[in-house]
Amino acid sequence: MKPADFPPSFRAADYVAPPTDPEAERIEVGVLIVGAGPAGLACAIRLGQLLEDAPEIRERLGEVPVAVLEKGKQPGSHLVSGAVVNPRALRRLFKGRARIEDMPFYGPVHDESVYMLTAKRAIRIPAPPTMKNDGNFVASLSQLGRWLGERAEEGGAIFLPETAAEKLLVDGGRVRGVRTGDKGRGRNDEELGNFEPGADIVARVTVLAEGTQGHLTGVALDRFGLGGENPQVWALAVKEVWRVAKPLRRVIHTMGWPLRPQAKYREFGGSFIYPMGDDMVTLGMVVGLDYRVAELSVHDLLQELKTHPLVRKLLAGGERVAWGAKTIPEGGFLSLPRRLHAPGLLLCGDGAGMVNVPALKGIHYAIESGSLAAEAAFAALRRGETPWRPGALAAYDDAVRQSFIWRDLREVRNMRQAFGRGFWMGGALAGAMTATKGRFPPGDRRTELDAEQEILRTDRARSYPTPDGSLTFDKLSSVFASGNRTRDDQPNHIVIRRDVPREVAELWTRMCPAQVYEVAGDGVAVTPSNCVQCGAITAKGGRLTPPEGGSGPEYTLT
């Protein structure tokens, strides 16, 4: 049995439509950027820089040359990452305009350790070349997002916060913009007293920078046949931020326990622990969603990790101050879309799968791709060119292929797939790939859909610690710590089969870090108001669609 045997009643085509508002009522902008994450904000910033020196183009784009649509309350509200940031793309974006020292980082990485864990021991091992962080900086991505948002506004971008992009507007074979979701509907989709209908936002170029599990990105891949040869695969990351009694002076990564190395379980992942100044640390657990065990819970694995002597000592005398969860695209180079553009459309960042799994890096690829998307859009807006002409935006694909994004991802293209053969065999293959810069083993290894993995039943949950409210925590208290803003009476935005076997219902229940699903009778019950929009259900057999704008978490430190 596998989750893919019970597909949701979701059709991507239902989220594609021509503009329906009368022309006089449509919101017209020059370039529409969907998503205020690193990619979207870098795109807005770079467009502002280019338009500074092109007043004639700015004038032709109308009253709103650049608009950024964000479903969270503000930039940063829905951003979660480790995060250790490679500053390379930021330096290129802000060359001569801002220094790395002016950005909201917690400082450079001075020292780092990698450990192989057993249940009681921590064995220090040499850091693999892909994981070395000399010259990189520790950050809170939500804080960095707010800072980048301020820079984008200074450059003239207009933000439309608390607004979800629900449908992709396509007319005559070209993307015209998006339709936003309604607000003020009740649980049964009825109009409440504060009801506000969605609106058509039309643009000359639409940039989808939605981040991981982007709703319209998936719709666009289907509509324009952009998907690559390999399906995308995902990991789920659950993290906490702690205020601690003693400062941490190094970056720590762990492998091994509490994950099991046997190939039959497919438990691939590890943990990170990063310093955030003198009085805080952030720690998280990342696990590939191609695991097979119904009882596996990444949230509970993180709680178990904190009982290890190494981690318990770091947190002694501290308190948890924040929590968050998010999926990560892990397919890498071989799961990239075959094209990153369509007439009037560009795709960038995590939504396109630009993540280097063995290096644990994606933020600088998102920023670089957003900058390159801005440059391609700007070139297509010049007099004599038309952004929706077939091939007008192809320069973006060319620029990505000539960038460090392409080179970096190609060198590690087979590493994630190697670990499907178990930790030890995967580690040996990864070492060979690192030494040969991806040339050995030769060829490309296919990815397998996460939802296609058969479900195993074990006693995995027996080792999870009982929440004590001081070191270990339950899921509901964690959702509260995320600042979740979802109305209890909102319409359900999660599309799944309810009449599923107990094994599938239990897998979804354990998988979700926010206690959205519960085994009930002959299927599964759903509490959508708990959802923090991590996207794990889309990887494991369901589909997350956009909730009402402004709902979901309110991250400030993640």
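Look up: the structure comes first, before these words.
A brief look at the structure comes next. (Residues numbered from 1 in each chain as written. Predicted model: local features only at pLDDT ≥ 70, side-chain atom pairs only at ≥ 80, totals over all residues. Heavy atoms only, no water.)

### Quick look at the state of the cysteines
Okay, step 1: Across all of its chains, the model carries zero disulfides by this definition.
Okay, step 2: There is no disulfide at cysteine 512, and the cysteine sulfur nearest it, in cysteine 534, is 5.9 Å away.
Okay, step 3: Take cysteine 531: it sits in no disulfide, and the sulfur closest to it among the cysteines is that of cysteine 534, at 6.5 Å. (Disulfide = S-S within 2.5 Å.)

### So, the pattern of salt bridges
Okay, step 1: In this structure the tally under the stated criterion is 30 salt bridges.
Okay, step 2: A salt bridge links glutamate 162 to arginine 485; its shortest N-O distance comes to 3.7 Å. You can see glutamate 162 sitting in the loop between strand S10 (158-160) and strand S11 (165-171) and its partner arginine 485 sitting in the loop between helix H13 (475-481) and strand S24 (494-495), a full 323 residues away along the chain.
Okay, step 3: A relative accessible area of 28% means that glutamate 162 is categorised as partly exposed.
Okay, step 4: Arginine 460 is paired through a salt bridge with glutamate 267; the nearest N and O atoms lie 3.6 Å apart. Taken together, the residues span a long stretch of sequence, with arginine 460 in the loop between helix H12 (423-435) and H13 and glutamate 267 in the loop between strand S18 (251-256) and strand S19 (269-276) at a distance of 193 residues. Each member of the pair, arginine 460 as well as glutamate 267, carries the same accessibility label: buried. (Salt bridge = Lys/Arg side-chain N within 4 Å of Asp/Glu carboxyl O. Helix = DSSP H or I, 4+ residues; strand = E, 2+ residues; numbered from the N terminus. Buried < 20%, exposed > 50% of the residue type's maximum accessible area, 1.4 Å probe, protein only.)

### Points about empty space enclosed by the protein
Okay, step 1: A full pass over the atoms with the stated rule returns four cavities of 30 Å³ or more.
Okay, step 2: Taken as a whole, the largest cavity spans an internal volume of roughly 100 Å³.
Okay, step 3: If you go around the largest cavity, you meet 14 residues; those closest to its centre are Cys512, Tyr517, Cys531, Cys534 and Gly535.
Okay, step 4: Partitioning the lining of the largest cavity into residue classes produces twelve nonpolar, two polar and no charged. (1 Å grid on protein atoms, 1.4 Å probe; cavity = no way out; pocket = protein on both sides within 12 Å on 5 of 7 lines; lining within 4 Å. Points joined across faces, edges and corners; volume = space filled by probe spheres on them. Nonpolar A, V, L, I, M, F, W, Y, C, P; charged D, E, K, R; others polar.)

### A word on the sheet that holds strand S15 (residues 200-202)
Okay, step 1: Within the open sheet, the five strands sit side by side as S1-S11-S12-S15-S2. Their pairing is mixed. Because the sheet does not close on itself, it has two edges, and the strands there are strand S1 (16-17) and strand S2 (27-28).
Okay, step 2: Sheet contacts for helix H5 (residues 215-223): S1, S11 and strand S12 (174-180); angle to S11, the most-contacted strand, approximately 30 degrees. (Pairing = 2+ DSSP bridges. Contact = heavy atoms within 4.5 Å. Axes fitted to C-alpha atoms, helices over the stretch in contact; angles between N-to-C directions.)

### Focus: the side chain of arginine 320
Okay, step 1: Tracing the sequence through the fold places arginine 320 in strand S21 (residues 319-329).
Okay, step 2: The exposure class assigned to arginine 320 is buried, which follows from its relative accessible area of 14%.
Okay, step 3: A polar atom in the side chain of arginine 320 sits 2.9 Å from the side chain of serine 478.
Okay, step 4: Apart from residues no more than four positions distant in its own chain, arginine 320 is found in contact with Glu240, Val241, Trp242, Phe473, Ser477, Ser478 and Ala481. (Polar contact = N/O pair within 3.5 Å; in protein donor to acceptor, adjacent residues only side chain to side chain.)

### Structural notes on the nonpolar core
Okay, step 1: Ile33, Leu90, Phe105, Val207, Met354 and Tyr396 are the most contacted members of the largest nonpolar core, which totals 65 residues.
Okay, step 2: Broken down by element, the residue count for this core peaks at eleven residues, all from helix H8 (residues 363-380).
Okay, step 3: Each residue touching valine 207, except ones within four places of it in the same chain, is listed here: Val31, Leu32, Ile33, Val34, Cys43, Leu346, Cys348 and Ala373.
Okay, step 4: Counting residues in hydrophobic clusters, the runner-up holds 61 residues, among them Val281, Leu315, Val479 and Leu544. (Core = buried A, V, L, I, M, F, W, Y, C linked by side-chain atoms within 4.5 Å.)

### Quick look at the packing of aromatic side chains
Okay, step 1: In the structure shown here, the tally under the stated rule is seven aromatic pairs.
Okay, step 2: Centroid distance phenylalanine 10 to tyrosine 15: 5.2 Å. Interplanar angle 20 degrees. Geometry classified as stacked.
Okay, step 3: Ring centres of tyrosine 365 and phenylalanine 404 lie 6.1 Å apart, and the angle between their planes is 40 degrees; this geometry places the pair in the tilted category. A residue pair is termed long-range when its members are at least 10 positions apart, and tyrosine 365 in helix H8 and phenylalanine 404 in helix H10 (residues 404-411) qualify at 39 residues. Across the pair, exposure class does not vary: tyrosine 365 and phenylalanine 404 are buried alike.
Okay, step 4: In this structure, arginine 151 packs its charged tip against the face of tryptophan 147, placed 4.8 Å from the ring centre.
Okay, step 5: If you follow arginine 223 out to its NZ or CZ, it ends over the ring of phenylalanine 224, 5.0 Å from the centre. (Phe/Tyr/Trp six-rings, centres within 6.5 Å; stacked < 30°, edge-to-face > 60°. Lys NZ or Arg CZ within 6 Å of the ring centre and 35° of its normal.)

### Let's talk about unusual backbone geometry
Okay, step 1: Here the residue pair glycine 82 and alanine 83 is connected by a cis peptide bond, since its omega of 0 degrees sits within 30 degrees of zero.
Okay, step 2: With an omega of 10 degrees, the peptide bond between tryptophan 257 and proline 258 qualifies as cis.
Okay, step 3: For proline 258, the position within the fold is in the loop between S18 and S19.
Okay, step 4: You will see that leucine 360, though not glycine, has its phi angle at about 60 degrees, which is positive.
Okay, step 5: Among the structural elements, leucine 360 can be located in the loop between strand S23 (345-347) and H8.

### Here's the deal with the sheet that holds strand S9 (residues 137-139)
Okay, step 1: Judged by pairing direction, the sheet is antiparallel, and its three strands sit side by side in the order S5-S9-S6 without closing on themselves. Strand pairing shows two members of the sheet lacking a second neighbour, strand S5 (84-85) and strand S6 (105-108), which therefore form its edges.
Okay, step 2: Relative to S9, S6 is paired through two bridges, and the arrangement is antiparallel. Directly across from proline 108, in S9, lies its bridge partner phenylalanine 137.

### Details of the side chain of serine 529
Okay, step 1: Inspection of the secondary structure assignment puts serine 529 in the loop between strand S26 (523-526) and helix H15 (536-539).
Okay, step 2: With residues up to four places along the chain from it excluded, the contact list for serine 529 reads Asn484, Thr486, Arg487 and Asp488.

### Notes on the layout of surface pockets
Okay, step 1: Estimated volume of the second largest pocket: approximately 870 Å³.
Okay, step 2: Taken together, 36 residues form the lining of the second largest pocket, with Gln232, Trp234, Leu449, Thr538 and Arg543 sitting closest to its centre.
Okay, step 3: In terms of residues, the lining of the second largest pocket owes the most to one element, H5, which gives five residues.

### Here we look at the pairing of S11
Okay, step 1: As judged from the two bridges shared by S1 and S11, these two strands associate in the parallel manner. Among the inter-strand pairings, valine 16 is bridged to a residue of S11, identified as leucine 168.
Okay, step 2: Summarising the sheet, S11 and S12 pair through six bridges and their orientation is antiparallel. Each bridged residue has a counterpart across the sheet, and for leucine 169 the counterpart in S12 is glycine 177.
Okay, step 3: Connecting S11 to the antiparallel partner S12 that follows it, the hairpin turn spans two residues, and glycine 172 within it adopts a positive phi of roughly 65 degrees.

Remember, this is a structural readout, not a statement about activity or role.
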